[in-house]
Amino acid sequence: MGRLFAVLTAVITVVSTAIFISRTWWLPADVSVLGVGIDRQMVETMVAAGVLFVLAQLALALFVWQYGDRGTPRPIKIFPGGATPMVVIATILVGAEILVLTLVGAKVWAGIFLTPPDPKALHIDVQAEQFAYYFRYAGSDGRFGAMHPELIDDGNGNFFGLDPANDTTARDDIISASLVVPVNQPVFLTLHSKDVGHAFYVPALRLQQDFVPGLVIPLHFTATQVVKQEIVCTQLCGLGHYNMRAYLEVMPRNQFGQWMQDQAALQ
Amino acid sequence: MSTPYLSLSAKSLMSVGLVVLTATAMGALPGPAASAGTISGTVTFTGTPPKMRPIDMAKEPSCAKQHPTPIMTESVVTGPGNAVQWAVVYIAAGAQPSSAPTTPVRYDQKGCEYLPHVATLEVGQPLEIYNDDQTSHNIHPLAKVNPEWNKSQPPGAPPIKASYSKPEFIAVKCNVHPWMHGYFAVLSTSHSATTGNDGKFSLEGLPPGKYTVTAWHERFGSQSQEVTVTEGKAATADFVFKALPY
């Protein structure tokens, strides 16, 4: 029985490692500028954790195979010096490893969350609500109309609480249910939530950021390929959470210009 | 037990109907239809109405594919000659009280849209709400006078049954699909009409007398007129709402 456990441990270790190495259930291909850094960090973390995982599990299997209880009474051997020095050494080594990974990854993190967006970035306002996303472009005047939460009226398409009667800058704002952006164009999002916590997650952009009601959260990215990807909510936000999604459409620049014109005509 | 009773009462109703019909046709009895008058008219607007927006249902593909061209928001729908659609015109005062009909009013959720946009029902009249879609809906009538509720309805679920005990115009939304928007017009009269794309309405079967006729529209509000119905003459009541672009 003990030897069977040793064999099983070894098999599980090898198979699960093989699944990771062959990238069977991996993220979709990255389509963003900053995603390259995330992917590198991810691989470094996986290799560091993976090597330790494989060594530890195979050692466990070996020890179970070699020293398992076979019904014959043998004296229990104590590791020289007791277990305490080993636990202390292991804690220091693992702690050091995590610290190094954090320091290496800090640059990637800062590039996404602490660096201001490109000054020429396309600014898009995002409203998350149960259970949909809406995206707002500034329109021909380049300015967003002010948001008045008390004027939000979903049934009439006023998802951002605009006041076009009194606020001329709001009249040309373009509202879309899809996030449409030109390829290779820095994009700057400001995230708003109308009701509860939501999340903006696009695996192909390697971006995941929560919405918090009452906060305006900045986020930026640059898509490098013409793709259509799902934007999903990853914060349990209520009954229809499973159904909360929108699409990111990355278009060639001229096609995007045409899309903006078509949308402007509809407002 | 109940079946013979029902068939008996149906038979007796039929025979009463026959007697009335025959009597009316012969001119022997002045039936209610003979003296009843009609109030008809048109609901129109002046000014510039707000622009309706196309509804993007990309997040719900099973609904999006039912609309090759996107449907528009319906809070202000206008027709030729400045006609106003979806106005509810009803007798607010002056009519004899009547008991609520037992025929249910059907309200559909189809293609992630409420059909009809405005459903008219009487106080106490049963309402049946159907989900004809392949997705879950969560209908939420935003009642303020009547009790408020919201109910989830997966595809294939039986109709939701409801009724309201007080007159009220109730905005209806879906808690899953924010763009879905409709109204329940709960009235305490059986004399009502909802305008079509020509803005026309006709309230029939009104005995001679004085009536308050009210036209209600979700964006434009309410207007009332005093109308007198005299025997054998058609009364008219036209309503003009002032529209603003924003």
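Use the structure listed above.
Residues numbered from 1 in each chain as written. Chains lettered and ligands numbered in written order. Predicted model: local features only at pLDDT ≥ 70, side-chain atom pairs only at ≥ 80, totals over all residues.

Draft legend 1. Structural view of the overall build of chain B. The number of helices and strands found in chain B is three helices and 19 strands. Here chain B holds 246 residues, and 33% of them are scored as buried. The contacts of chain B with a sequence gap of at least 6 include a subset with a gap of at least 24, amounting to 64%. (Helix = DSSP H or I, 4+ residues; strand = E, 2+ residues; numbered from the N terminus. Buried ≥ 20, exposed ≤ 12 C-beta atoms within 10 Å, placed from the backbone. Contact = placed C-beta atoms within 7 Å.)

Draft legend 2. Spotlight on the packing of helix α1 (residues 2-21) of chain A against helix α2 (residues 35-67) of chain A. All names here are of chain A. Taken N-terminus to C-terminus, the directions of α1 and α2 make an angle of 165°; their axes are 8 Å apart at the nearest point. Here α2 runs roughly antiparallel to α1, going by the angle between their axes. The two elements α1 and α2 meet at a crossing, and its hand is left-handed. Contacts between α1 and α2 involve Gly2, Arg3, Phe5, Ala6, Thr9, Ala10, Thr13, Thr17 and Phe20 on the former and, on the latter, Met46, Gly50, Val54, Gln57, Leu58, Leu60, Ala61, Val64 and Trp65. Along the lines of polarity and charge, the residues of the contact of α1 with α2 split into 11 nonpolar, six polar and one charged. (Axes fitted to C-alpha atoms, helices over the stretch in contact; angles between N-to-C directions. Parallel < 35°, antiparallel > 145°, perpendicular 65-115°, else oblique. Left-handed = near helix turned anticlockwise from the far one by under 90°. Nonpolar A, V, L, I, M, F, W, Y, C, P; charged D, E, K, R; others polar.)

Draft legend 3. Spatial organisation of the sheet that holds strand β16 (residues 209-217) of chain B. Residue and element names in this part refer to chain B. Spatially, the four strands line up as an open sheet ordered β14-β4-β16-β17, and their pairing is antiparallel. Since the sheet does not close on itself, it has two edges, and those belong to β14 (192-194) and β17 (221-229), each with one partner. Each strand of the sheet is rotated relative to its neighbour by a mean of 25°, with strand direction disregarded. Pairing of strand β4 (residues 88-93) with β14, which is carried by three bridges, proceeds in the antiparallel orientation. (Pairing = 2+ DSSP bridges.)

Draft legend 4. Representation of the packing of α2(A) against helix α3 (residues 84-114) of chain A. All names here are of chain A. Direction vectors running N to C along α2 and α3 enclose 170°, while the axes themselves pass 9 Å from each other. Relative to α3, the element α2 lies roughly antiparallel. Contacts between α2 and α3 pair Gly37, Ile38, Gln41, Glu44, Thr45 and Ala48 from the former with Glu97, Leu101, Val104, Gly105, Val108 and Gly111 from the latter. For the contact of α2 with α3, the per-class residue count stands at five nonpolar, five polar and two charged.

Draft legend 5. Structural view of the interface of chain B and chain A. The interface of chain B with chain A comprises 17 residues on the first partner and 20 residues on the second. In terms of residue class, the side of chain B that touches chain A is made up of seven nonpolar, six polar and four charged.

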